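Single-letter residue listing:
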2 protein chains.
Amino acid sequence: MSLRPDVQDLAPDALMSPEQLETALREIGATRYHNLHPFHKLLHGGQCDHGQVQAWVLNRFYYQASIPMKDAALMSRTDDPALRRVWRSRMEDHDGAGDNEGGIERWLRLAEAVGLERDYVMSTRGILPATRFAVDAYVRFVRDRSLLEALASSLTELFAPKIHEERIAGLLEHYDFANERSIAYFKRRLNEAPKDVRFTLAHVIERAGTRAEQEAILGAVRFKTDVLWAQLDALYHAYVAPGHIPPGAFVPEDRR
Amino acid sequence: MSLRPDVQDLAPDALMSPEQLETALREIGATRYHNLHPFHKLLHGGQCDHGQVQAWVLNRFYYQASIPMKDAALMSRTDDPALRRVWRSRMEDHDGAGDNEGGIERWLRLAEAVGLERDYVMSTRGILPATRFAVDAYVRFVRDRSLLEALASSLTELFAPKIHEERIAGLLEHYDFANERSIAYFKRRLNEAPKDVRFTLAHVIERAGTRAEQEAILGAVRFKTDVLWAQLDALYHAYVAPGHIPPGAFVPEDRR
């Protein structure tokens, strides 16, 4: 664990101040968030070939499609109507509401823009098993761990706007498929994620009454960074280097 | 799905004969079992360096340690005392009984022989997140899916003796740490796995009364091959090429 010096000097059972807890959270982002992963550097720098972009979009769809199930699992665990009401907006963001088609639909539009069949993507047949294992682990974490940990695991959104900005700029600059319509998902998230995370950060900081609970929050965020990182490790191994695609997974056209 | 021609000619809902089902199972082994994975070729051919062997032993410990939990989950789901009695011997094999120290203890001996601290290995602190996600997916599969699928997921043992023989020969030939005592785990499995799998194969073939149940058996075995394969993909990515070790995972001494 690498916390900043001011937290390391605390006694093991002493409560962190809200500022210290937030600093410790941001330290996790600065050292473990997937914006640091080599796959994202390739993607945002225009160094991914068409098949690699397709593989990323295809696999990441499984994550997108699982998020509202994760959020529903969280809402099923709290008897607080106010918390459920706030959290419900996440499901609207992803599944849609009224004129808003929702993030999953926007992701499918991206998939079509990179030349993937909508039905194939939705079937999740071609995803890497490691993607499924990592994403399912996240949904189950939210189902099975304490409500505080379940809430905290979403706090990687603290670090998301920066990666979305990099991605929007990188995709528009380097890839023919990228335009306002195809990458609408990311533009939208620039507004959605900060709204969600402000509430959640304040909520978990307030509810964590012991150092053990504060450490559980940090553990949940570390777990979530592992979930995100492992997905990119698997993509890199299968589609970048050495390019060992596991049996049954998507094979880009130029490698068939 | 790649079944042999005689099965592909069956109507989609026609029951396979026991021989056809067994042939289809062995076809999965021939195309997806992890003896085909490049990491095992390196390991058994003496091309792994010390840190790579350590990483394999460390990560695979998490699998070994989880197997009896998987078997207990299975036994908790059947009201058949005869099935539970047969299955219980798997827990004895791994956890020990009387003079038999058990497979987990034998694996820890292997870990010590390759220079890992026993307590560090048992803590599972240094394993790859992808290892944890894959292995936990297996335990949960056995908890959550039908009993038939839970039983069938162990049928990768059909393919295990061959890999154990290759491994015993390869480790003894190429690595200084390998001797009768340090690799006792694999020798023992040469006798245990065939005993277990004979029973399970007969049992699931007999219980599968519809083609859908037969397909569920095949799906469970494919799932299990994914669990095994994904663990080696993660090892390869982190410790062979490109050698991107995820944040927080074990770092071999020569890369510190």
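Residues numbered from 1 in each chain as written. Chains lettered and ligands numbered in written order. Predicted model: local features only at pLDDT ≥ 70, side-chain atom pairs only at ≥ 80, totals over all residues.

Q: Tell me about the overall build of chain A, and please be specific about residues and values.
A: The number of helices and strands found in chain A is 12 helices and zero strands. Its C-alpha radius of gyration of 19 Å places chain A within 12% of the 18 Å reference for a compact globule of 256 residues. For chain A, the spread of C-alpha atoms along the principal axes amounts to about 60 × 40 × 35 Å. For chain A, the residues scored as buried account for 42% of the 256 residues in total. Of the contacts made within chain A by residues no fewer than 6 positions apart, 77% connect residues no fewer than 24 positions apart. (Helix = DSSP H or I, 4+ residues; strand = E, 2+ residues; numbered from the N terminus. Rg over C-alpha atoms; globule rule 2.2 N^0.38 Å. Buried ≥ 20, exposed ≤ 12 C-beta atoms within 10 Å, placed from the backbone. Contact = placed C-beta atoms within 7 Å.)

Q: Give me helix 10 (residues 160–174) of chain B: which residues, what numbers.
A: Spacing of three or four residues puts side chains on the same side of an α-helix, whose turn is 3.6 residues. Residue and element names in this part refer to chain B. Taking 1.5 Å per residue as the helical rise, helix 10 with its 15 residues ought to reach 21 Å, and the 21 Å between its terminal C-alpha atoms agrees with that figure. Within the span of helix 10, buried status applies to Ala160, Ile163, Gly170 and Leu171. Down the axis of helix 10, the sector holding all buried residues measures 105°, keeping them to one side. Relative to its buried face, helix 10 has exposed residues pointing more than 90 degrees away, namely Lys162, Ala169 and Glu173. (Expected span 1.5 Å × (residues − 1). Arc of directions from axis to C-beta.)

Q: I'd like to hear about the confidence of the model for chain A, residue by residue, with values.
A: In low-pLDDT regions, the fine details of the predicted coordinates are not to be read closely. A residue-level look at chain A finds 98% of positions with pLDDT of 70 or above and a mean pLDDT of 95. The ipTM assigned to the predicted complex is 0.86, against a pTM of 0.91. (pLDDT = per-residue confidence, 0-100.)

Q: Talk me through the relation of the copies chain A and chain B; I want residue IDs and the actual numbers.
A: The two copies are related by a screw operation: chain A maps onto chain B through 180° of rotation and 0.0 Å of translation along the axis, at an RMSD of 0.0 Å. Interpreted geometrically, this transformation is the action of a two-fold axis. When the interface residues of chain A are mapped onto chain B, 100% of them are again interface residues, pointing to one common binding face. (Least-squares fit on C-alpha atoms with pLDDT ≥ 70 in both.)

Q: Tell me what's going on with the interface of chain A and chain B, and back it up with residues and numbers.
A: Accessible area lost during the coming together of the parts is what is often quoted as the interface size. In this assembly, 22 residues from chain A lie in contact with 22 residues from chain B. Secondary-structure elements contributing two or more residues to the side of chain A that touches chain B are helix 2 (18–32), helix 8 (129–144) and helix 12 (211–240) of chain A. Broken down by class, the residue content of the side of chain A that touches chain B amounts to 14 nonpolar, three polar and five charged. (Nonpolar A, V, L, I, M, F, W, Y, C, P; charged D, E, K, R; others polar.)

Q: Describe the environment of Arg90 of chain B, with residues and values.
A: Residue and element names in this part refer to chain B. Examined against the element boundaries, Arg90 turns out to sit in helix 5 (residues 81–95). A C-alpha to C-alpha distance of 33 Å links Arg90 and Pro246, two positions 156 residues apart in sequence. Those residues in contact with Arg90, other than ones at most four positions away along the chain, are Asp71 and Asp196.

Q: Give a description of helix 8 (residues 129–144) of chain B that names residues and reports values.
A: Look at helix 8 of chain B: 22 Å from first C-alpha to last across 16 residues, which is about the 22 Å you get at 1.5 Å a residue. The complete set of buried residues in helix 8 of chain B reads Pro129, Ala130, Thr131, Arg132, Phe133, Ala134, Val135, Ala137, Tyr138 and Val142 of chain B. Of the surrounding elements, those touching the buried residues of helix 8 of chain B are helix 8 and helix 12 of chain A together with helix 4 (50–75), helix 9 (147–152) and helix 12 (211–240) of chain B.

Q: Give a description of the packing of helix 10 of chain B against helix 11 (residues 184–207) of chain B that names residues and reports values.
A: Residues and elements named next belong to chain B. Two numbers describe how helix 10 lies on helix 11: the axes approach to 9 Å, and their chain directions differ by 170°. The pairing of helix 10 with helix 11 is recorded here as roughly antiparallel in orientation. Like other packed secondary-structure pairs, helix 10 and helix 11 cross with a definite hand, here left-handed. Residue-level inspection shows Ala160, Pro161, His164, Arg167 and Ile168 of helix 10 in contact with helix 11, the latter providing Phe186, Lys187, Arg189, Leu190, Ala193 and Pro194. (Axes fitted to C-alpha atoms, helices over the stretch in contact; angles between N-to-C directions. Parallel < 35°, antiparallel > 145°, perpendicular 65-115°, else oblique. Left-handed = near helix turned anticlockwise from the far one by under 90°.)

Q: How would you summarise the nonpolar core if you had to cite specific residues and measurements?
A: Side chains of a nonpolar character, in soluble globular proteins, are inclined to be buried together. One finds Ala111, Ala130 and Ala134 of chain A together with Ala111, Ala130 and Ala134 of chain B to be the most contacted residues of the largest nonpolar core, which totals 138 residues. Excluding anything up to four places from it in sequence, Ala130 of chain B contacts Ala130, Ala134, Ala230, Asp233 and Ala234 of chain A together with Ala230 and Ala234 of chain B. (Core = buried A, V, L, I, M, F, W, Y, C linked by C-beta atoms within 7 Å.)

Q: Explain the environment of Asp233 of chain B to me, using residue names and the numbers behind them.
A: Residue and element names in this part refer to chain B. Structurally, Asp233 is set in helix 12. Residue classification places Asp233 among the buried positions, given that 26 C-beta atoms sit within 10 Å. Taking the C-alpha atoms as reference, Asp233 lies 8.7 Å from Pro38; in sequence the two are 195 residues apart.

Q: Quick one: what's the story with unusual backbone geometry, residue by residue and with numbers?
A: Residue and element names in this part refer to chain A. With omega at 0°, the peptide bond leading from Ala241 into Pro242 counts as cis. Looking at the element boundaries, Pro242 is found in the segment after helix 12. Positive phi values are uncommon outside glycine, yet Thr124 reaches one of about 55°. Among the secondary structure elements, Thr124 is positioned in the loop between helix 7 (118–123) and helix 8. C-beta crowding within 10 Å serves as the criterion here: with 16 such atoms nearby, Thr124 is assigned to the partly exposed category.

Q: Could you give me a rundown of the packing of helix 12 of chain A against helix 12 of chain B, with the residues and numbers involved?
A: Relative orientation of the contacting elements helix 12 of chain A and helix 12 of chain B amounts to 85°, with a least axis distance of 10 Å. The angle between helix 12 of chain A and helix 12 of chain B places the two elements in the roughly perpendicular class. Of the residues in helix 12 of chain B, those touching helix 12 of chain A at Asp233, Ala234, Tyr236 and His237 of chain A are Asp233, Ala234, Tyr236 and His237 of chain B. Each residue belonging to the contact of helix 12 of chain A with helix 12 of chain B can be placed in one class, and the counts come to four nonpolar, two polar and two charged.

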